[in-house]
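Each chain, written out:
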Amino acid sequence: MFETRGLRSGYDNLEVLRGVDLSLAEGELVALLGANGAGKTTLLRTVSGLLRPFGGTVRLDGRDIGGLPAEKVAAAGLAHVPENRLVFPSLTVTDNLALGAWTRPRTRAEDIERMLDLFPRLRQRLGQPAGTLSGGEQQMLAIARGLMARPKVLVLDEPSLGLAPKVVGDIFAALARLRHELTILLVEQNARAAFKVADRVLVMDRGKIVMSGTPEELADDAQIKQAYLGGG
Ligand code: ATP
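Keep in mind that what you see is a predicted model, and the values were worked out from it rather than measured.

A. Region of the structure containing the site of the ligand. Taken together, 13 residues sit near the ligand, with Gly37, Gly39, Lys40, Thr41 and Thr42 positioned nearest. Between Ala38 and the ligand, the recorded distance is 3.2 Å, taken from a backbone N or O atom to an oxygen atom. Between the ligand and Gly39, the relevant distance is 2.8 Å, taken from an oxygen atom to a main-chain nitrogen or oxygen of the residue. Elements that contribute at least two residues to the shell around the ligand include exactly strand E2 (14–24) and helix H1 (40–47).

B. Quick peek at the sheet that holds strand E6 (residues 78–81). An order of E6-E7-E8-E3-E9-E10 is seen for the six strands of this open sheet, with the pairing classed as mixed. Only two strands of the sheet have a single partner each, and these edge strands are E6 and strand E10 (208–213). This sheet shows a mean twist of 20° between the axes of neighbouring strands, independent of strand direction. As paired strands, strand E7 (residues 153–157) and strand E8 (residues 183–187) are joined by five bridges and run parallel to one another. Bridging from a neighbouring strand, Leu154 pairs with Ile184 of E8. Each of E6 and E7 touches helix H5 (residues 135–147); the most contacted strand, E6, lies at about 170° to it. Sitting on the sheet, helix H6 (residues 165–178) touches strand E3 (29–34), E7 and E8, and the angle it makes with E8 is about 150°.

C. Structural detail: the sheet that holds E2. The strand order E2-E1-E4-E5 describes an open sheet built from four strands, whose pairing is antiparallel. Strand pairing shows two members of the sheet lacking a second neighbour, E2 and strand E5 (63–64), which therefore form its edges. Two elements, strand E1 (residues 2–11) and E2, share eight bridges in a ladder whose sense is antiparallel. If you follow Tyr11 over to E2, its bridge partner there is Leu14.

D. Examining the confidence of the model for the chain more closely. Of all residues in the chain, 99% attain a pLDDT of 70 or more, and the chain-wide mean is 93. The ipTM, which scores confidence in the relative placement of chains, is 0.93 for this predicted complex, and the corresponding pTM is 0.93.

E. Region of interest: the packing of H5 against H6. H6 packs onto H5 with a crossing angle of 15° between their chain directions and a minimal axis gap of 9 Å. Of the possible angle classes, the one that applies to H5 and H6 is roughly parallel. In terms of crossing hand, the pair formed by H5 and H6 is right-handed. Between H5 and H6, the residues in contact are Gly136, Gln139, Met140, Ile143 and Leu147 and Val167, Asp170, Ile171 and Leu178, respectively.

F. Highlighting the environment of Ala79. Structurally, the position occupied by Ala79 is in strand E6. As a C-alpha pair, Ala79 and Ile184 span 105 residues in sequence and 9.7 Å in three-dimensional space. When neighbours within four sequence positions are excluded, Ala79 is seen to be in contact with Gly146, Pro151, Val153, Leu154 and Val155.

G. Molecular detail of the packing of helix H3 (residues 93–100) against H5. At a minimum axis distance of 7 Å, the contact between H3 and H5 shows a crossing angle of 30°. Crossing geometry of H3 relative to H5 is assigned as right-handed. Within the contact between the two elements, H3 uses Val93, Asn96, Leu97 and Gly100 and H5 uses Leu141, Ala144 and Arg145. Of the residues that constitute the contact of H3 with H5, the class distribution is four nonpolar, two polar and one charged.

H. Focus on the environment of Arg206. Of note, Arg206 is situated in the loop between strand E9 (200–205) and E10. For Arg206, a relative accessible area of 60% corresponds to the exposed category. Measuring from C-alpha to C-alpha, the distance between Arg206 and Ser9 comes to 12 Å, with 197 residues separating the pair along the chain. Leaving out residues up to four positions away in the same chain, Arg206 has contacts with Val16, Arg18 and Ala38.

I. How the structure looks around the side chain of Arg200. For Arg200, the position within the fold is in strand E9. From its side chain, Arg200 meets the backbone oxygen of Ser23 in a polar contact 2.6 Å long. Side-chain polar atoms of Arg200 contact the side chain of Glu28, separated by 2.7 Å. Look past the residues within four positions of Arg200 in its chain and what remains in contact with it is Ser23, Leu24, Glu28, Leu29, Val30, Ala31, Ser212, Gly213, Thr214 and Pro215.

Reading the values: rules and limits
Residues numbered from 1 in each chain as written. Predicted model: local features only at pLDDT ≥ 70, side-chain atom pairs only at ≥ 80, totals over all residues. Heavy atoms only, no water. Near = heavy atom within 4 Å. Polar contact = N/O pair within 3.5 Å; in protein donor to acceptor, adjacent residues only side chain to side chain. Helix = DSSP H or I, 4+ residues; strand = E, 2+ residues; numbered from the N terminus. Pairing = 2+ DSSP bridges. Axes fitted to C-alpha atoms, helices over the stretch in contact; angles between N-to-C directions. Contact = heavy atoms within 4.5 Å. pLDDT = per-residue confidence, 0-100. Parallel < 35°, antiparallel > 145°, perpendicular 65-115°, else oblique. Left-handed = near helix turned anticlockwise from the far one by under 90°. Nonpolar A, V, L, I, M, F, W, Y, C, P; charged D, E, K, R; others polar. Buried < 20%, exposed > 50% of the residue type's maximum accessible area, 1.4 Å probe, protein only.

See the structure below:
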């Protein structure tokens, strides 16, 4: 449903992705782990059209979207929620959500209601400028904004970064509710939280996918335990 084959990408002369093959089935939630600098963010930026691939393919529903500009990739059904929680700080929560629906203005009101059901904390803050929200609320808004376009594939870059455990719990509960409604690729350092919601886990190392398995399979792996699950 969503796949890359031999995907290579990077910056100027630096090749970061050195042939990434991944394949997500419709409705699957796949977590991507990897050490700092492995290329996870570069992968998300490449599939969402923010970086041009050096080579290889990206397919969404059989359509080759590799190398398309970000707005065309978004229109093809892929939403990217970047690491830095890009909300428009001076616009209200409602206006941020409405902007996420630019491709589907007719279902905007209904979709805002769905997002408030998913993230109830945003309901009391609809009229508030997004820049005055807490970090966790901004992350919820960034995810909700991505979902407003009703994407087929949602790619999320470290949604738990820097957030308190309670808020991380709320965000992962929302991801669990979205499971099987759409296809999700989740880059996450919080391996424990990721293992709980993921159907499958991939590990990236130096620009390649080096391991893939169910959370149960990988949780038994000594190296994974050591590197991501805090030993024991
Ligand atoms: P992290 O968990 O630290 O975010 P990551 O797996 O997401 O790591 P990337 O951010 O994709 O890794 O970075 C992969 C490599 O690309 C690193 O060596 C990094 O220094 C390099 N890199 C990232 N962004 C740029 C850039 N804008 N220009 C040049 N090199 C970059």
